[in-house]
Amino acid sequence: MIKILKNFIYILITLFIVVIVIFSFKKNLSPIKEIVINSENKFLDRFQIESLITEKMDKDSIIKNVNIIEKNILANPFVKEIKLYQDLSNKLIVDLVQYQPIARLVYENKKDLYIDLHGNIFPTSTKFSERVILIHTADNINFDLKNINSTDYGKKIFTMINYIINDIFLSKIISEIDINYNKNIIIYPQVSKQKIIFGYPEKIDVKFDKLMLFYKKILPAKGWNTYKSVNLKFKNQIICDKKA
């Protein structure tokens, strides 16, 4: 008798699980009532994102083709991450992360490009422009079109960008950098008239320490408009020039 009762309970539990699975499956295939988009309104707004989801299929087909849709959306150059799922109220939840630029490569005869927090390179947009450091780059300087860290020189530039944006003082005074044909760098600060000759992007912390010394010690003593340029290229030297 006890054995029969146990078997009966086991069968009931099994049937209950089967019913729950079937119900859940049907629930997941229910028509989408609404699309909820979680993303910053930058390069792509919510209407553009929704269009990327629905342009090739109707709402009833979306949940059956989530992986295909996610793959298609990831092909958009402004999309870094995407996750689609259906909640219990039959809403399609779209969690979309767009690239976050920290610098802009400005070329003489080529299209501008953005660099993001991880060195990823992606195109600019006519819809939205982020206020970031401008890096005016000679056309002979070639960076990998996917990630700036793919080349040794690109790594040096990326290190320099991060040094600037993570320093409270430097991030306020430096908005533009020039890279010439010899890969040397000139900085044009916002708060003073001096051209900063940085040279090749190496020993970055040492050179910026010298620049801080120039601003804190030399300019207050000699006057903010006394010098036309300051050269940080040479070891243990800060060369200030009144002419150029």
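See the structure above.
Residues numbered from 1 in each chain as written. Predicted model: local features only at pLDDT ≥ 70, side-chain atom pairs only at ≥ 80, totals over all residues. Heavy atoms only, no water.

Caption draft 1: A look at the overall build of the protein chain. The number of helices and strands found in the protein chain is 7 helices and 12 strands. Taking all 244 residues of the protein chain together, the buried fraction comes to 38%. Looking at the protein chain alone, contacts between residues at least 24 apart form 54% of all its contacts between residues at least 6 apart. As displayed, the protein chain offers around 15000 Å² of accessible surface, 57% of which is attributable to carbon and sulfur atoms. (Helix = DSSP H or I, 4+ residues; strand = E, 2+ residues; numbered from the N terminus. Buried < 20%, exposed > 50% of the residue type's maximum accessible area, 1.4 Å probe, protein only. Contact = heavy atoms within 4.5 Å. Areas by Shrake-Rupley, 256 points an atom, 1.4 Å probe, with all protein chains shown as cover.)

Caption draft 2: Local environment of the nonpolar core. Ranked by size, the top nonpolar core spans 38 residues in total, and within it F143 and F208 carry the most contacts. Top contributing element to this core by residue count: helix 7 (residues 204-222), with 7 residues. Counting 22 residues, the second largest nonpolar core, distinct from the first, contains I49, I53, I73 and F122. (Core = buried A, V, L, I, M, F, W, Y, C linked by side-chain atoms within 4.5 Å.)

Caption draft 3: Local environment of the pattern of salt bridges. Counted according to the given criterion, the structure contains 4 salt bridges. Between E130 and K42 there is a salt bridge, with its nearest N and O atoms 3.2 Å apart. Within this pair, whereas E130 is found in the loop between strand 6 (121-123) and strand 7 (133-137), its partner K42 is found in the loop between strand 1 (34-38) and helix 2 (46-54), the two being separated by 88 residues in sequence. (Salt bridge = Lys/Arg side-chain N within 4 Å of Asp/Glu carboxyl O.)

Caption draft 4: The arrangement of the sheet that holds strand 3 (residues 91-98) in detail. As summarised here, the arrangement of the 3 strands in space is 1-3-2, forming an open sheet in which the pairing is mixed. Whereas interior strands pair on both sides, the edge strands pair on one side only; in this sheet they are strand 1 and strand 2 (79-86). Adjacent strand axes in the sheet meet at a mean angle of 20°, parallel and antiparallel pairs treated alike. Here strand 2 pairs with strand 3 via 7 bridges, running antiparallel. Residue pairing in the sheet places Q86 in a bridge with L92 of strand 3. Along the sheet, helix 2 makes contact with strand 1, strand 2 and strand 3, crossing strand 1 at roughly 125°. Of the strands in this sheet, strand 2 and strand 3 touch helix 4 (residues 66-74), which is tilted by about 160° from strand 2. (Pairing = 2+ DSSP bridges. Axes fitted to C-alpha atoms, helices over the stretch in contact; angles between N-to-C directions.)

Caption draft 5: Broad picture of the sheet that holds strand 9 (residues 185-189). Strand order in the open sheet formed by 9 strands is 6-5-4-7-8-9-10-11-12, with mixed pairing between adjacent strands. Taken across any chain shown, the strands that pair with only one partner, and hence form the sheet edges, are strand 6 and strand 12 (239-241). Put simply, the sheet's adjacent strands are angled 25° from each other on average, direction ignored. Strand direction decides the pairing type here: strand 9 and strand 10 (residues 195-199), joined by 3 bridges, are antiparallel. Along strand 10, the bridge assignment pairs I186 with I197. Sitting on the sheet, helix 7 touches strand 8 (174-179), strand 9, strand 10, strand 11 (229-231) and strand 12, and the angle it makes with strand 10 is about 160°.

Caption draft 6: How the structure looks around helix 7. Under the 1.5 Å per step criterion, the end-to-end length of helix 7 is 25 Å for 19 residues, consistent within 8% with the ideal 27 Å. The largest bend along helix 7 measures about 35° and falls at F214. Taken residue by residue, helix 7 has I204, K207, F208, K210, L211, M212, F214, Y215 and L219 as its buried positions. (Expected span 1.5 Å × (residues − 1). Bend = angle between axes of the 7 residues up to and from the residue.)

Caption draft 7: Highlighting the side chain of N231. You can see N231 is positioned in strand 11. According to the relative accessible area criterion, N231 is buried, its value standing at 13%. Side-chain polar atoms of N231 contact the backbone nitrogen of K233, separated by 2.9 Å. Discounting chain neighbours no more than four positions away, the residues touching N231 are I197, Q237, I238 and I239. (Polar contact = N/O pair within 3.5 Å; in protein donor to acceptor, adjacent residues only side chain to side chain.)

Caption draft 8: Region of the structure containing the pairing of strand 9. The two faces of strand 9 differ: I185, I187 and P189 on one face are buried, but I186 and Y188 on the other face are not. Relative to strand 9, strand 8 runs antiparallel, the two being bridged by 5 bridges. The partner of I179 across the bridge, within strand 9, is I185. In sequence, strand 8 turns back onto strand 9 through a hairpin of 5 residues, with K183 there showing a positive phi of about 70°. Hairpin geometry of strand 9 and strand 10 is characterised by an intervening segment of 5 residues between the two adjacent antiparallel strands.

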